[in-house]
Amino acid sequence: QVQLVESGGGLVQAGGSLRLSCAASGRTFSSNGMGWFRQAPGKGREFVAGISWSSGSTYYADSVKGRFTISRDNAKNTVYLQMNSLKPEDTAVYYCAARSAAGRPTAVEQFRYWGQGTQVTVSS
């Protein structure tokens, strides 16, 4: 089992920044990488960004490329999502997730463990 706890959400004005954190515990060695997803009201959960624990390679959804940065601290088993130039359409509950699949997965089904989510609200 891998336990994930997100933090750092909140209310911010458009153009502002937030930094989300995801602390992993448990059998973290069983995970190849991590991802951030988000779910807006009435919509499905969508991929935002992903990172490999070992190589640190990253990949992003087109909607956040150039504005969001995913990073990790292996010593702390923690993954971060730095969100800049936030837009009202970024408003959602943000979830971190752990995967054992290799490659650059973006589908919800490819991630096995999930955090409880943290709310991000961007006002216009």
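Report on the accompanying structure. (Residues numbered from 1 in each chain as written. Predicted model: local features only at pLDDT ≥ 70, side-chain atom pairs only at ≥ 80, totals over all residues. Heavy atoms only, no water.)

Strand pairs in the sheet, formed through backbone hydrogen bonds, run parallel or antiparallel to each other. Strand order in the open sheet formed by four strands is β1-β3-β8-β7, with antiparallel pairing between adjacent strands. Of all the strands in the sheet, the pair left with one neighbour each is β1 (2-7) and β7 (68-73). Pairs of neighbouring strands in the sheet enclose a mean axial angle of 15 degrees, with direction left out of account. Pairing geometry for β1 and strand β3 (residues 18-26), over six bridges, is antiparallel. Paired with valine 5 across the bridge in β3 is alanine 23. (Pairing = 2+ DSSP bridges. Helix = DSSP H or I, 4+ residues; strand = E, 2+ residues; numbered from the N terminus. Axes fitted to C-alpha atoms, helices over the stretch in contact; angles between N-to-C directions.)

This part takes up the nonpolar core. Residues Leu4, Met34, Trp36, Leu81, Met83 and Tyr94 are the most contacted members of the largest nonpolar core, which totals 33 residues. Mapped onto this core, the elements with two or more residues apiece are β1, β3, β4 (33-39), β5 (46-52), β7, β8 (78-83), β9 (92-99) and β11 (118-123). No other element matches β9, which puts five residues into this core. Residues within four places of tyrosine 94 in sequence aside, it is in contact with Glu6, Leu20, Trp36, Phe37, Arg38, Val48, Phe68, Leu81, Met83, Gly117, Thr118 and Val120. (Core = buried A, V, L, I, M, F, W, Y, C linked by side-chain atoms within 4.5 Å. Buried < 20%, exposed > 50% of the residue type's maximum accessible area, 1.4 Å probe, protein only. Contact = heavy atoms within 4.5 Å.)

Residue position: phenylalanine 47 is located in strand β5. Taking the C-alpha atoms as reference, phenylalanine 47 lies 18 Å from valine 122; in sequence the two are 75 residues apart. Excluding residues within four positions of it along the chain, phenylalanine 47 makes contact with Trp36, Phe37, Tyr59, Tyr60, Ala61, Pro105 and Thr106.

Moving on to the side chain of glutamate 6. Following the sequence through the fold, glutamate 6 ends up in strand β1. Here glutamine 116 takes part through its backbone nitrogen, which lies 3.0 Å from a polar atom of the side chain of glutamate 6. Apart from the residues within four sequence positions on either side, glutamate 6 is in contact with Ser21, Cys22, Trp36, Tyr94, Tyr95, Cys96, Gly115, Gln116, Gly117 and Thr118. (Polar contact = N/O pair within 3.5 Å; in protein donor to acceptor, adjacent residues only side chain to side chain.)

Let us now look at the side chain of serine 52. Looking at the element boundaries, serine 52 is found in strand β5. Looking at serine 52, its side chain comes within polar contact range of the side chain of serine 54, at 3.2 Å. With residues near it in sequence (within four places) discarded, serine 52 still touches Asn32, Gly33, Ser57, Arg72 and Arg99.

On to the pairing of β9, then. Judged by how many residues are buried, β9 sits mostly within the fold: seven of eight residues are covered. As paired elements, β9 and β11 share three bridges and run antiparallel to each other. Within β11, the position partnered with alanine 92 by the bridge is valine 120.

So, about the packing of aromatic side chains. Counting across every chain of the model gives five aromatic pairs. Arranged with centres 5.6 Å apart and planes meeting at 80 degrees, the rings of phenylalanine 37 and phenylalanine 47 form a pair that is edge-to-face. You can see phenylalanine 37 sitting in strand β4 and its partner phenylalanine 47 sitting in strand β5, a full 10 residues away along the chain. Exposure remark for phenylalanine 47: the relative accessible area of 11% places this residue in the buried category. Between phenylalanine 111 and tryptophan 114, the aromatic rings sit 6.3 Å apart at their centres with planes inclined by 55 degrees, giving tilted as the arrangement. For phenylalanine 111, a relative accessible area of 5% puts it in the buried group. Cluster of aromatic residues (ring-pair linked, three or more members): Phe37, Phe47, Tyr59, Phe111 and Trp114. For the cation-ring pair, arginine 19 lies above tyrosine 80, with the distance from its terminal atom to the ring centre recorded as 4.0 Å. Directly above the aromatic system of tryptophan 114 lies the positively charged group of arginine 45, at a separation of 4.9 Å from the ring centroid. (Phe/Tyr/Trp six-rings, centres within 6.5 Å; stacked < 30°, edge-to-face > 60°. Lys NZ or Arg CZ within 6 Å of the ring centre and 35° of its normal.)

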